[in-house]
Amino acid sequence: MAQELSSNWKKLQSKIKAESTTASSSSAPKSTAKRKTDEGPSSYPQSQSQSKRQKVQKLPKQQRDRKLPSKSPQYNGQLRQAEKKPMGVTQSSTVVRGTPATITPSLALWAEDNDVSTEDLAEAYNLGIKSNASLEAAGPPRVNEGLAPGIEVGKYVALDCEMVGIGDEGRESALARVSLVDFHGRQVYDSFVRPREYVTDWRTHITGLTPRMLPSARDFSEVQATVADLLKTRIVVGHDIRHDLAALELGHPSGHIRDTARFAGYRKYGHGPKPALRVLAREVLGVEIQTGHHSSIEDARVAMLLFRKKKSDFDVQHASRFNLPTEKTMASETVGGGISGSSKGQQARHKKGPGKSKKKKKKH
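Residues numbered from 1 in each chain as written. Predicted model: local features only at pLDDT ≥ 70, side-chain atom pairs only at ≥ 80, totals over all residues. Heavy atoms only, no water.

Trainee: Help me out: how do you make sense of the nonpolar core in this one?
Mentor: A general feature of soluble globular proteins is that nonpolar side chains tend to end up buried together. The biggest cluster of nonpolar side chains holds 24 residues, and the ones touching the most others in it are Tyr266, Leu285, Val302, Met304, Leu306 and Phe307. Every element with two or more residues in this core is listed here: strand E2 (156-166), strand E6 (235-238), helix H11 (277-285) and helix H12 (296-309). Ranked by residues supplied to this core, first place goes to H12 with eight residues. Judged by nonpolar contacts, the second largest core, of 23 residues, contains Val178, Tyr189, Val193 and Val236. (Core = buried A, V, L, I, M, F, W, Y, C linked by side-chain atoms within 4.5 Å. Buried < 20%, exposed > 50% of the residue type's maximum accessible area, 1.4 Å probe, protein only. Helix = DSSP H or I, 4+ residues; strand = E, 2+ residues; numbered from the N terminus.)

Here's what the structure looks like:
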């Protein structure tokens, strides 16, 4: 009985083994074909491809689309190369995003191609100054140089003068030095002026001027003509500028003047009707000036910086004062000792008014 059971068990084992071998051999081609179809042309090993499919199937569709390329070495190489590339002049402009904080290279190139000056560009995009870098960037003063060579003067100039004393005890003032800078603080003109009267007080402790400057000084008429030509049709910036214009015996349209001494936004810094320039330089710009001899170049640069710091407010005050659109010329009003551009006939017509035209009655 035991031998019979043993032989039957052996037969059963051999039968089961034969059936399992047959089943595995018949299913092997199907799984192999399916695996080859899934792998396709990919160069990844089988284990990596299967794990990749399992992870992708578990992710949402949006994450699957974003993360699939990140596994590719070729994509990672392109991404690294893109990160290393320097940003071109036509990319990433603050102005394009609507926050005009600086003049970008692309904007500067466009302005150059279209003959737009940098100061007009700064004005159009309301690019106020962020620092006092122009005080140093403009370079040291070139004393008594005259008209600076090769410089294009734009819409704005800043003017400052130095005076010497004439008359009894030097109480009256006469012009001795004139300086002008442009919108960016670059020197436009600087000249000593030969006084037409006898100087009783050179005020050397303030101006730094002495009789030794007389041989190199220019005649008053020459300086006056040059400055008048520079100021013509331009907006002039200065500190209490009416004194400078009076010393030059020049007039200028009031609508083309920006006076930092009379700007409402700076009155709080003065103990009297107007603040001193050195006080504004210290309180607004954080710089110290006039610690020794005064420099008309430095004072003109500071006045221009003060104007640029609050340029939009200056323009609003100007428009409100003259009841005009911003920066429209008021040719009939002048500041200083010169003659206005309007004739007496024009002034008379302005006072009289336009008048009424009489209509002729038609005869029927």
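Trainee: When you look at the packing of aromatic side chains in this model, what are you seeing that I'm missing?
Mentor: Centre distance and the angle of the planes are the two values used to describe a pair of aromatic rings. Applying the stated criterion across every chain yields a total of seven aromatic pairs. Seen from their ring centres, Tyr266 and Tyr269 are 6.3 Å apart, and the 55 degrees between their planes marks the pair as tilted. We classify Tyr266 as buried; its relative accessible area is 1%. Taken together, a centroid distance of 5.3 Å and an interplanar angle of 70 degrees make the contact between Phe307 and Phe314 edge-to-face. With respect to class, Phe307 is no different from Phe314; both count as buried. Here the guanidinium or amino end of Arg196 rests over the ring plane of Phe220, the centre of that ring lying 3.8 Å away. (Phe/Tyr/Trp six-rings, centres within 6.5 Å; stacked < 30°, edge-to-face > 60°. Lys NZ or Arg CZ within 6 Å of the ring centre and 35° of its normal.)

Keep in mind these numbers describe shape, not what the thing actually does.
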